[in-house]
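Geometric and topological summary
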Amino acid sequence: MSKKVESAHICAYIALMLVIVLMILWACNVGGFTVVSLDSFVGVIVALLAILITFVVGWQIHNTMELKEKIKKIKSLEDYINNSHKLYVQISHNNQVGISLNSAILWEAKNEYAAAFAMYHNAFYNAIKANTPDLNFYIITFERLLPLFEEIGKSQREMISRDSASIKETDAYERYFREKYDEIISAVMHKSVRK
């Protein structure tokens, strides 16, 4: 049981005991029955209201402090969830890099250089999203594969075009490899589409 619940129980028991004691005192006529004037009645009521308001204001202040603590905990949980989501996205992109690189190596081994280029390009996009530090490997690979194919498949071209649009929205594109990358993609898009 929490301290708050225990203190609420203690207060309830004390109030119950006071009520029982007052009922016994009233039943035994301990103070005698005196006439209550309007002034004394109003004074007692005002004093009781003042005490009650003091407790209510104190309780509200206590609740406000507790609410602030809960808001801090919620904010820390929110930060944790956001960081976990970013990590999940980064891991997902890292996994996709591995999958795309393996596919590209297989296509290259079969001398399907257009398909290999498309898969290397997809790996490049995911490597950028995963914040991979060495991106020059991909640019060098693109330059190596570019003269090895004359035609490109329609689906490969669409995949490269889609990934290229996403790559051009990244900071890495603007900072590191814009000119060289634009030349490579332009050369790929000018290749004839395989029928």
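Everything quoted here is computed from the prediction, not taken from an experiment. For every chain, the first residue of the written sequence is number 1, and numbering continues from 1 along that sequence. Totals for whole chains, interfaces and linings use every residue, but because this is a predicted model, local features are given only for residues with pLDDT of at least 70 and side-chain atom pairs only at 80 or more, for both listing and counting. Only heavy atoms go into the side-chain values, all of them from the structure, while hydrogens and water stay out.

Things to note about helix α4 (residues 136–145)
Let me state the cut-off plainly: Exposure categories follow from relative accessible area, calculated using a 1.4 Å probe and restricted to protein chains: below 20% of the type maximum is buried, above 50% is exposed, and the middle band is partly exposed. The way it works is that DSSP assigns letters per residue, a run of H or I at least four long becomes a helix, a run of E at least two long becomes a strand, and they are numbered from the N terminus. To be clear, the arc concerns the directions from the helix axis to the C-beta atoms. Residue contacts are defined here by distance: any two heavy atoms, one from each residue, within 4.5 Å place the two residues in contact.
The set of residues buried in α4 consists of Tyr138, Ile139, Thr141, Phe142 and Leu145. Down the axis of α4, the smallest arc covering the buried residues is 160°, so these residues share one side. Structural note: α4 exposes Asn136 and Ile140 on the side pointing more than 90 degrees away from its buried face. Contacts from the buried residues of α4 go to α2 (38–109), α3 (113–129) and α6 (171–189).

Side note on the side chain of threonine 170
Here is the rule: Distance and chemistry together define a polar contact, namely a pair of N or O atoms within 3.5 Å, with one atom able to donate a hydrogen and the other to accept it when in protein, and with adjacent residues in sequence counting only for side-chain atoms on both sides.
Tracing the chain through its elements places threonine 170 in the loop between α5 (154–167) and α6. From its side chain, threonine 170 meets the backbone oxygen of isoleucine 167 in a polar contact 2.6 Å long. A polar contact is formed between the side chain of threonine 170 and the backbone nitrogen of tyrosine 173, at a distance of 3.4 Å.

What about the side chain of glutamate 108?
With respect to the element layout, glutamate 108 can be found in helix α2. A polar contact is formed between the side chain of glutamate 108 and the side chain of arginine 144, at a distance of 2.4 Å. Beyond its immediate stretch of four places on either side in the chain, glutamate 108 contacts Tyr113, Ala116, Tyr120, Arg144 and Leu145.

Here's the deal with the packing of α3 against α5
Think of two packed helices as two axes; the pair is described by the angle between the axes and how far apart they sit. Condition: The angle between two axes is taken between their N-to-C directions and runs from 0 to 180 degrees, where each axis is a line fitted to C-alpha atoms and a helix contributes only its stretch in contact. In what follows, roughly perpendicular refers to angles from 65 to 115 degrees, roughly parallel to angles under 35, roughly antiparallel to angles over 145, and oblique to any angle outside these ranges. Helix crossings fall into two classes, left-handed where the near helix is turned counterclockwise from the far one by less than a right angle and right-handed where it is turned clockwise.
Their axes nearest at 9 Å, the elements α3 and α5 cross at an angle of 20°. Comparing the axis directions of α3 and α5 gives the class roughly parallel. Classified by chirality, the crossing of α5 by α3 is left-handed. Counted together, Ala114, Ala115, Phe117, Ala118, Met119, His121, Asn122, Phe124, Tyr125 and Ile128 of α3 and Gln156, Met159, Ile160, Asp163, Ser164, Ser166 and Ile167 of α5 form the full contact between these two elements.

Considering the confidence of the model for the protein
Stated formally: Values of pLDDT, the confidence the predictor places in each residue, fall between 0 and 100.
Taken as a whole, the protein shows an average pLDDT of 87; of its residues, 95% reach a score of 70 or greater. Looking at the elements of the protein, mean pLDDT is at its lowest for helix α1 (residues 3–27), recorded as 79, and at its highest for α3, recorded as 93.

Side note on the nonpolar core
This is how the line gets drawn: Here, the term nonpolar core denotes a set of buried Ala, Val, Leu, Ile, Met, Phe, Trp, Tyr and Cys residues that are joined through side-chain atoms within 4.5 Å.
Residues Phe124, Tyr138 and Phe177 are the most contacted members of the largest nonpolar core, which totals 32 residues. Residue assignment for this core shows that the elements contributing at least two residues are α2, α3, α4, α5 and α6. For phenylalanine 177, the contacting residues outside a window of four places in its chain are Phe124, Ile128, Leu135, Ile139, Ile167 and Ala172.

Examining α3
What counts here: To estimate the expected span of a helix, count its residues, drop one, and scale the result by 1.5 Å.
An ideal rise of 1.5 Å per residue puts 24 Å on 17 residues; α3 measures up with 24 Å between its terminal C-alpha atoms. For α3, a buried count of 15 out of 17 residues is recorded, marking the element as mostly surrounded by other parts of the structure. A positive phi of about 60° marks asparagine 131, the residue just after α3.

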